[in-house]
Amino acid sequence: MLRKLMPIVLLLALLNCIWVMALNHVFGSFLYDTPYYLEYDYITLRKGKDSEKDIGLDFLNQYEDLTVIGETDKNQEIGVYDPTFRYYAKATKLIVRTVLRYFSEEDYREKKNVSILITSIDQIMNSGNSLEYIDALRRWKESVYTTEIIHMLDIHSDIGRGMNHELVRNFFSIPAEDIRTIYLQSPNGQSAKEARDRLKGLGYVETKRENRNSFVDATHFAFTEATLYTQIIYSCALFLSPLILYVLAMYIIGYYEYLHTYRMFGATMGHIWKLYLWPLLAVGVMASLISSALMVLFLGCTVGHYITLIIYGKLQVFLLLGYSLVVICATHGMYLRSKARME
């Protein structure tokens, strides 16, 4: 019996694996859908109405592992405190040691009016004479923003990708009262939490992120915000689901002659449930448990888990309900067909 039901086990396991992979990819994309490509545990604070007028933010310079980004009312400018050089290390850039450099500890401590320009590195490389182009671009932007340009990072780097700004200022060179929004992130989270508590004491209000953990959130994100690659993966899961369920229904209907034979020997719908339906439903549960366990091990050894146990549970319930509906409808249809044939 189990050998005959093995195709059902394999099809259900395949369907489950497809959905686990798709949802894991989508929920994993949520982690990278953050401002300035911060880690998922970043903290957002906005200046409150009751904030102190003379806000002092110099204390943020005490944290050597803290990344701070400040936004003002000027959309083309942001401020950055990056003592770990995370944005510099991950950026596409030109290295001209005597001409270009990154923010230094001295810049932060002395609040030097220095900035980094977000521009196209490809355009600089294709200009013919890169050094002359850099010099002319620096002088032009320095006159526009009244600051010293010390480096240029590519528009596709983490600090500039998908954003509207083109100037990254030294965070401490911006008047504290002009900073409306602050993003905090640290590797262990402790420094960010300590800085958050002190900023709250100055009148900043923490903004909670929307917790997206449902199938509706995943579908909305996949088709409105995600990359084309994510859309293709999720679309494949949506397309393959009814196809696999249809194949399952056709396979189950292939047992019509067995069911009709049972009916000829007086089997009622109750007997059909006991001899036919319950084994099929049990096989569905078995396939769900086995494939889920294998996917947990596979994801743990490869890309990692991004969906929670709650999502796992909801997915299994959803798939088993779909499978049960297919089994019941197919079996009931065969029962009615057998009944009509015997009349």
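Residues numbered from 1 in each chain as written. Predicted model: local features only at pLDDT ≥ 70, side-chain atom pairs only at ≥ 80, totals over all residues. Heavy atoms only, no water.

1. Considerations on the overall build of the protein
Note the cut-off: Segments assigned H or I by DSSP are reported as helices when at least four residues long, segments assigned E as strands when at least two residues long, and all are numbered from the N terminus. We call a residue buried when its accessible area falls under 20% of the maximum for its residue type, exposed when it is over 50%, and partly exposed in between, using a 1.4 Å probe and counting protein chains only. We call two residues in contact when some of their heavy atoms are within 4.5 Å. Values of accessible area rely on a 1.4 Å probe in the Shrake-Rupley scheme; residue burial ignores everything except the protein chains shown.
Along its length, the protein carries 11 helices and eight strands. Along the first, second and third principal axes, the C-alpha set of the protein runs to 95 × 50 × 30 Å. Residues counted as buried form 45% of the 343 residues belonging to the protein. Residue pairs in contact within the protein that sit at least 24 positions apart in sequence constitute 79% of those at least 6 positions apart. By element, 60% of the accessible surface of the protein is carried by carbon and sulfur atoms, the whole surface being about 18600 Å².

2. Describing empty space enclosed by the protein
Going by this rule: Residues are called lining when one of their atoms sits within 4 Å of a cavity or pocket point, these points coming from a 1 Å grid over the protein atoms alone, where a cavity is a set in which a 1.4 Å probe fits but cannot get out and a pocket is an open set with protein on both sides within 12 Å along at least five of seven lines. Grid points are joined across faces, edges and corners, and a volume is the space filled by probe spheres set on the points. Residue classes follow a fixed rule: Ala, Val, Leu, Ile, Met, Phe, Trp, Tyr, Cys and Pro count as nonpolar, while Asp, Glu, Lys and Arg count as charged, and any other residue, Gly among them, counts as polar.
Counted under the stated rule, the structure contains two cavities of 30 Å³ or more. Computed from the structure, the largest cavity encloses a volume of approximately 60 Å³. Lining of the largest cavity is provided by Leu12, Asn16, Gly284, Ser288, Gln316, Leu319, Leu320 and Tyr323. Listed by contribution, the elements that provide at least two residues to the lining of the largest cavity are helix H1 (2-32), helix H10 (269-301) and helix H11 (309-342). In terms of residue count, the dominant contributor to the lining of the largest cavity is H11 (four residues). Residue composition of the lining of the largest cavity, grouped by class: four nonpolar, four polar and no charged. Here the second largest cavity defines a volume of roughly 40 Å³. The wall of the second largest cavity is formed by Val80, Tyr87, Tyr102, Ile116, Leu153, Ile159 and Val168.

3. As for the pairing of strand E6 (residues 167-170)
Here is the key point about a regular strand: its side chains alternate between the two faces of the sheet. Keep this limit in mind: Whether two strands pair depends on DSSP finding at least two bridges between them.
When strand E3 (residues 77-81) meets E6, the two strands line up parallel, connected through four bridges. Across the sheet, Gly79 pairs through a bridge with Arg169, a residue of E6. In this sheet, E6 lies alongside strand E4 (residues 114-119) in antiparallel orientation, the contact comprising three bridges. Bridge pairing links Leu117 to Leu167 in E6.

4. Comments concerning the packing of helix H7 (residues 215-224) against helix H8 (residues 228-253)
Note the cut-off: Structural elements are reduced to axes, namely lines fitted to C-alpha atoms, with helices fitted over the stretch in contact, and the angle between N-to-C directions of any two is expressed from 0 to 180 degrees. Put simply, angles under 35 degrees are roughly parallel, angles over 145 are roughly antiparallel, angles from 65 to 115 are roughly perpendicular, and the rest are oblique. By convention, the crossing between two helices is left-handed when the near helix turns anticlockwise from the far helix through less than a right angle, and right-handed when the turn is clockwise.
Between H7 and H8, the shortest axis-to-axis distance is 9 Å and the interhelical angle comes to 130 degrees. Taken together, the axes of H7 and H8 lie oblique to each other. The two elements H7 and H8 meet at a crossing, and its hand is left-handed. Between H7, through Phe215, Ala218, Thr219, Ala222 and Phe223, and H8, the contact on the second element is made entirely by Gln231, Tyr234, Ser235 and Leu238. Residues of the contact of H7 with H8, tallied by class, amount to six nonpolar, three polar and no charged.

5. So, the pairing of E4
Within E4, six of the six residues are buried, which leaves the element mostly enclosed by the surrounding structure. Burial along E4 is two-sided: the residues Val114, Ile116 and Ile118 and Ser115, Leu117 and Thr119 are all buried. Two strands pair when backbone bridges link them, and E4 and strand E5 (residues 148-154) are joined in this way by six bridges, in the parallel orientation. Bridge pairing in E5 links Ile116 to His151.

6. A short note on a nonpolar patch on the surface
Let me state the cut-off plainly: Residues qualify for a patch when their relative accessible area is over 30% and they have no salt bridge, like charges being joined within 9 Å and the nonpolar side chains of Val, Leu, Ile, Met, Phe, Trp and Tyr within 5 Å. A pairing counts as a salt bridge when a side-chain nitrogen of Lys or Arg comes within 4 Å of a carboxyl oxygen of Asp or Glu.
On the surface, Phe239, Leu243, Tyr246, Val247, Met250 and Ile253 cluster together to form a nonpolar patch covering roughly 570 Å² of accessible area. With respect to the helices, strands and loops of the structure, Ile253 is situated in helix H8.

7. Overview of helix H5 (residues 130-145)
Because the α-helix completes a turn every 3.6 residues, residues three or four places apart line up on one side. The following threshold applies: To estimate the expected span of a helix, count its residues, drop one, and scale the result by 1.5 Å.
Taking 1.5 Å as the rise per residue, H5 with 16 residues should run 22 Å; its terminal C-alpha atoms sit 22 Å apart, in good agreement. Contacts from the buried residues of H5 go to E3, E4, helix H4 (121-125), E5 and E6. Just beyond H5, the residue with positive phi is Thr146, at close to 50 degrees.

8. What about the nonpolar core?
In summary, soluble globular proteins display a tendency toward joint burial of nonpolar side chains. Put simply, the rule is: To qualify as a nonpolar core, a set must consist of buried Ala, Val, Leu, Ile, Met, Phe, Trp, Tyr and Cys residues joined through side-chain atoms within 4.5 Å.
Of all hydrophobic cores here, the largest spans 41 residues; its most connected members are Leu57, Ile159 and Leu184. Those residues in contact with Leu184 that sit more than four places away from it in its chain are Tyr42, Ile43, Leu45, Leu66, Thr67, Val68, Ala192, Ala195, Arg196 and Leu199. Membership of the second largest hydrophobic core comes to 40 residues, among which are Leu15, Val26, Phe221 and Tyr234.

9. Quick notes on the side chain of Asp82
Heads up, the condition is: Counting rule for charge: Lys and Arg are taken as positive, Asp and Glu as negative, and neither His nor the chain ends is counted. Polar contacts, as used here, are pairs of N or O atoms within 3.5 Å; protein pairs need one atom able to donate a hydrogen and one able to accept it. Residues neighboring in sequence count only if both atoms are side-chain atoms.
Looking at the secondary structure, you find Asp82 in the loop between E3 and helix H2 (86-89). In this structure Asp82 is buried but unpaired, with Arg86 as the nearest side chain of opposite charge at 5.4 Å. Within the structure, Asp82 has its side chain in polar contact with the backbone nitrogen of Tyr87 (distance 3.0 Å). Once residues within four sequence positions are removed from consideration, Asp82 is found in contact with Thr67, Tyr87, Tyr88, Tyr102 and Tyr108.

10. What about the environment of Thr302?
Mapped onto the elements of the fold, Thr302 is located in the loop between H10 and H11. A polar contact of 2.7 Å, which involves the side chain of Thr302, links it to the backbone oxygen of Phe298.

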